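# Analysis of the macromolecular model
These are the residues of each chain, in order.
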Amino acid sequence: AVVSTQSTGWQEKCTRKEEIEYMRSELPGSGKKLRPQKGTGSARFKDKRAPNCMFGGKVLGKRPRDYGYDIDPITLITGFSALCTTKLAQGDLSIVDTLQGVDVPALVEYKSRLTAESVLFVTGYAPGLTSSQNTEICFHPGIDLLTTETVHPLAMIQHTVVVMDYLAVRQLEEWVLAIRGEHTVVEQTANTPV
């Protein structure tokens, strides 16, 4: 559980984004002094970009930065393996023969057969979907299709069911065994095709 938390926390930090907060020198507008320094009875201030004005600039505004950090590959693959084992034990991991050439309506129909809230399809065939298919899949919430190069532990946690094709399983096994320094690949155990 600790390893899974470490690997998913690493992914969250790597994808974290912040909005920029502008400082007074970066805001548009005039730098003209709004009222005289003395004689008005009000507090002194210079221009409308001052931090104490509404819509003024920040004194030390936030800057987007990279929160990512390097993670040990062994920790990453151990977390990945633990998640796959957990999904398989829960019956939420399915292996099919191939996802190559499968269109979006077929994925939607397969999701409806599973009666799951969200399904992650993982294929070993790059690039997975064309640009038009990626646009089409956006209109079907709860369905994602990733390749073995783009899948990560956080995506597996965010989806109820994970469906992999045999090539994706083979590639992930080779990746795990290469990092661990082993060379044995498990024989094919595929379920029914999509």
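Preceding this section is the structure that the text describes.
Thresholds, definitions, all that
The numbering scheme is per chain: residues are counted from 1 as the chain's sequence reads. Since the coordinates come from a predicted model, pLDDT governs what is reported: local features require at least 70, and pairs of side-chain atoms require 80 or more to be given and counted, while whole-chain, interface and lining totals use all residues. Hydrogens and water are ignored here; the side-chain numbers use all heavy atoms of the structure. Only DSSP runs of H or I with at least four residues qualify as helices, and only runs of E with at least two residues qualify as strands; both kinds are numbered from the N terminus onward. Each residue's exposure class comes from its accessible area (1.4 Å probe, protein chains only) as a fraction of the maximum for that residue type: buried when under 20%, exposed when over 50%, partly exposed otherwise. Here the accessible surface of atoms and residues is derived via Shrake-Rupley with a 1.4 Å probe, and residues count as covered only by protein chains that are part of the display. Here, a strand pair is defined by DSSP locating no fewer than two bridges between the strands. Nonpolar cores were defined as sets of buried Ala, Val, Leu, Ile, Met, Phe, Trp, Tyr and Cys residues, with membership established by side-chain atoms within 4.5 Å. For this analysis, a polar contact is any N or O atom pair within 3.5 Å, provided that within protein one partner can donate a hydrogen and the other can accept it, and provided that sequence-adjacent residues contribute only side-chain to side-chain pairs. Expected span of a helix: the number of residues minus one, times 1.5 Å. Note on aromatic contacts: the rings of Phe and Tyr and the six-membered ring of Trp form a pair at centre separations within 6.5 Å, being stacked when their planes are under 30 degrees apart, edge-to-face when over 60 apart, and tilted otherwise.

## Some thoughts on the overall build of the protein
If you tally the helices and strands in the protein, you get six helices and four strands. Listed by position from the N terminus, the elements making up the protein come as α-α-β-α-β-α-β-α-β-α. Relative to its full complement of 194 residues, the protein shows a buried share of 35%. Surface accessibility of the protein: about 12300 Å² in total, with carbon and sulfur atoms responsible for 55%.

## Quick look at the pairing of strand S2 (residues 119–123)
The buried fraction of S2 is high, at five of five residues. Every second residue of S2 is oriented toward a common face, with Val119, Phe121 and Thr123 on one face and Leu120 and Val122 on the other, all of them buried. Alignment of S2 against strand S3 (residues 143–147), held across five bridges, turns out to be parallel. Residue pairing across strands places Val122 opposite Leu146, the latter belonging to S3. Direction of pairing for S2 relative to strand S4 (residues 161–165): parallel, over a ladder of four bridges. Across the sheet, residue Leu120 finds its bridge partner in S4, namely Val162.

## Quick look at the nonpolar core
Counting residues in each nonpolar core, the largest one holds 14 residues, and the members touching the most others are Phe80, Leu120, Val122, Val151, Met156, Val162 and Met164. Breaking this core down by element, the ones donating at least two residues are helix H2 (73–90), strand S1 (93–96), S2, helix H5 (153–158), S4 and helix H6 (166–180). Counting twelve residues, the second-largest nonpolar core is a separate cluster that includes Val102, Leu107, Val119 and Ile143.

## Considering the pairing of S1
Burial along S1 is two-sided: the residues Leu93 and Ile95 and Ser94 and Val96 are all buried. Where S1 lies against S4, four bridges are found, and the strand directions are parallel. Bridge pairing links Leu93 to Val162 in S4.

## Regarding the environment of Asp47
Relative to the elements of secondary structure, Asp47 occurs in the loop between helix H1 (2–14) and H2. Each C-alpha atom of the pair Asp47 and Arg24 lies 9.6 Å from the other, and the pair is 23 residues apart in sequence. A polar atom in the side chain of Asp47 sits 3.1 Å from the backbone nitrogen of Arg49.

## Quick look at H2
Three or four residues apart is the spacing at which side chains of an α-helix point the same way, because the helix has 3.6 residues per turn. Along its 18 residues, H2 runs 26 Å from first to last C-alpha, staying within 8% of the 26 Å computed at 1.5 Å per residue. Directly beyond the C-terminal end of H2, a positive phi value near 80° is found at Gly91.

## Points about the packing of aromatic side chains
Under the defined criterion, the tally for this structure stands at two aromatic pairs. Measuring from centroid to centroid gives 6.0 Å for Phe80 and Trp175, while their planes differ by 85°, and the two rings are edge-to-face. Of this pair, Phe80 sits in helix H2 while Trp175 sits in helix H6; the two residues are 95 residues apart in sequence, bridging distant segments of the chain. On the basis of relative accessible area, Phe80 is assigned to the buried category, the value being 4%. With a centroid separation of 5.9 Å and an interplanar angle of 55°, the aromatic rings of Tyr110 and Phe121 are classed as tilted.

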